[in-house]
Every structure is written in structure tokens, then in C-alpha cells.
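So you can see what is in the structure, the chains are spelled out below.
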Amino acid sequence: MLVIEALTTGWSSGDSVQPTGVGIIKLIGWLGGLPATTDVLFFFYSGPRLFPFIAGLSLLAAFAIRGGGERCLQSLSRLAAMRVTPRQAMASED
């Protein structure tokens, strides 16, 4: 049951959201970038428009870092859940 919970939360949190973010960044770049509407944005964009992109190696690193952190946190939650017996869990009023 704990493994199924870990897989479900992992998929619903990162595995579905990260590709959506990549798609949004690709769409912004394809639509012509973000316009610099103020002098400050012109300075930070180093020009009149910002064209966001994602490099392949950066994308792989982001998946690896998120996945590793997620696995560590899932392990901690599993350890905490295994310390409590079902009887104790059902008896608490929290």
C-alpha cells in the first residue's frame, strides 16, 4: 500500500507537471517570446524580447534532481508510516 501511494503521489506531482512546464516554455518561444515592456525588462532580457528555451541536458538534470529528492522524501514518509501500528493509527483522534 505504501509503494502504491508513493508511485501515485510521484506521478501526480512531478511527472505530470514538469512536462506541462516544458510545453509552456516551448509555446512561449514559438509564439515570439516575451516582449520587454519596460526599460528594466529590456536590460534583463538583453534586448527587446526574451526567447526562453530548455537545453536537453538541463531537462535531464531537472528530472534526476526532482526524482532523487522525491524518492528520499517518500522513503522518509514510509519510515514514519511503518512506525505506527494500524491499531494506533485508528485509535488516534487527530
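To be clear, the structure that these remarks concern was listed above.
Owing to the predicted nature of the structure, the values given are computational and were not obtained by experimental measurement.

Asker: Requested: an account of the overall build of the protein, with residues and values cited.
Answerer: Counting secondary structure elements, the protein contains four helices and two strands. What you see in the protein, going N to C, is helices and strands ordered as α-β-α-β-α-α. Per-residue burial over the protein gives 12% buried out of 94 residues. Taking the contacts inside the protein whose residues are at least 6 apart along the sequence as the reference set, 52% of them involve residues at least 24 apart. Here the protein displays about 7,600 Å² of accessible surface, and carbon together with sulfur accounts for 71% of that area.

Asker: Which residues make up unusual backbone geometry, and what values go with them?
Answerer: A positive phi is found at serine 46, a non-glycine position, where the angle reads about 60 degrees. Here serine 46 shows up in the loop between helix 2 (39–45) and strand 2 (49–50).

Asker: Which residues make up the packing of aromatic side chains, and what values do they have?
Answerer: Enumeration over the complete set of coordinates arrives at one aromatic pair. With a centroid separation of 5.5 Å and an interplanar angle of 70 degrees, the aromatic rings of phenylalanine 43 and phenylalanine 44 are classed as edge-to-face.

Asker: Residues and numbers for helix 3 (residues 56–82), please.
Answerer: Along its 27 residues, helix 3 runs 39 Å from first to last C-alpha, staying within 8% of the 39 Å computed at 1.5 Å per residue. What helix 3 keeps buried is the set Gly67, Glu70 and Gln74.

Asker: Kindly report on a nonpolar patch on the surface, identifying the contributing residues and their values.
Answerer: Residues Leu73, Leu76, Leu79 and Met82 make up a contiguous nonpolar surface patch of about 450 Å² in total accessible area. Checked against the element boundaries, leucine 79 lands in helix 3.

Procedures and definitions
Per chain, residues are indexed from 1 in the order of the written sequence. At least 70 in pLDDT is required for a residue's local features to be given in this predicted model, at least 80 for side-chain atom pairs to be given and counted, and no such filter applies to totals for whole chains, interfaces and linings, which use all residues. With hydrogens and water stripped out, all remaining heavy atoms of the structure feed into the side-chain values. Numbering of helices and strands runs from the N terminus, with a helix taken as a DSSP run of H or I at least four residues long and a strand as a DSSP run of E at least two residues long. The cut-offs for exposure are 20% and 50% of the maximum accessible area for each residue type, with area from a 1.4 Å probe on protein chains only; residues under the lower value are buried, those over the upper are exposed, and the others partly exposed. Residue contacts are defined here by distance: any two heavy atoms, one from each residue, within 4.5 Å place the two residues in contact. Residue exposure ignores everything except the shown protein chains as possible cover, and the areas themselves are Shrake-Rupley values with a 1.4 Å probe. A pair of Phe, Tyr and Trp rings is counted when the ring centres sit within 6.5 Å of each other, with Trp represented by its six-membered ring. The angle between the planes then sorts it: under 30 degrees is stacked, over 60 is edge-to-face, the rest tilted. Given the number of residues in a helix, its expected span is that number minus one, multiplied by 1.5 Å. Residues with no salt bridge and a relative accessible area higher than 30% make up the patches, which join like charges within 9 Å and nonpolar side chains (Val, Leu, Ile, Met, Phe, Trp, Tyr) within 5 Å. For this document, the term salt bridge refers to a Lys or Arg side-chain nitrogen within 4 Å of an Asp or Glu carboxyl oxygen.

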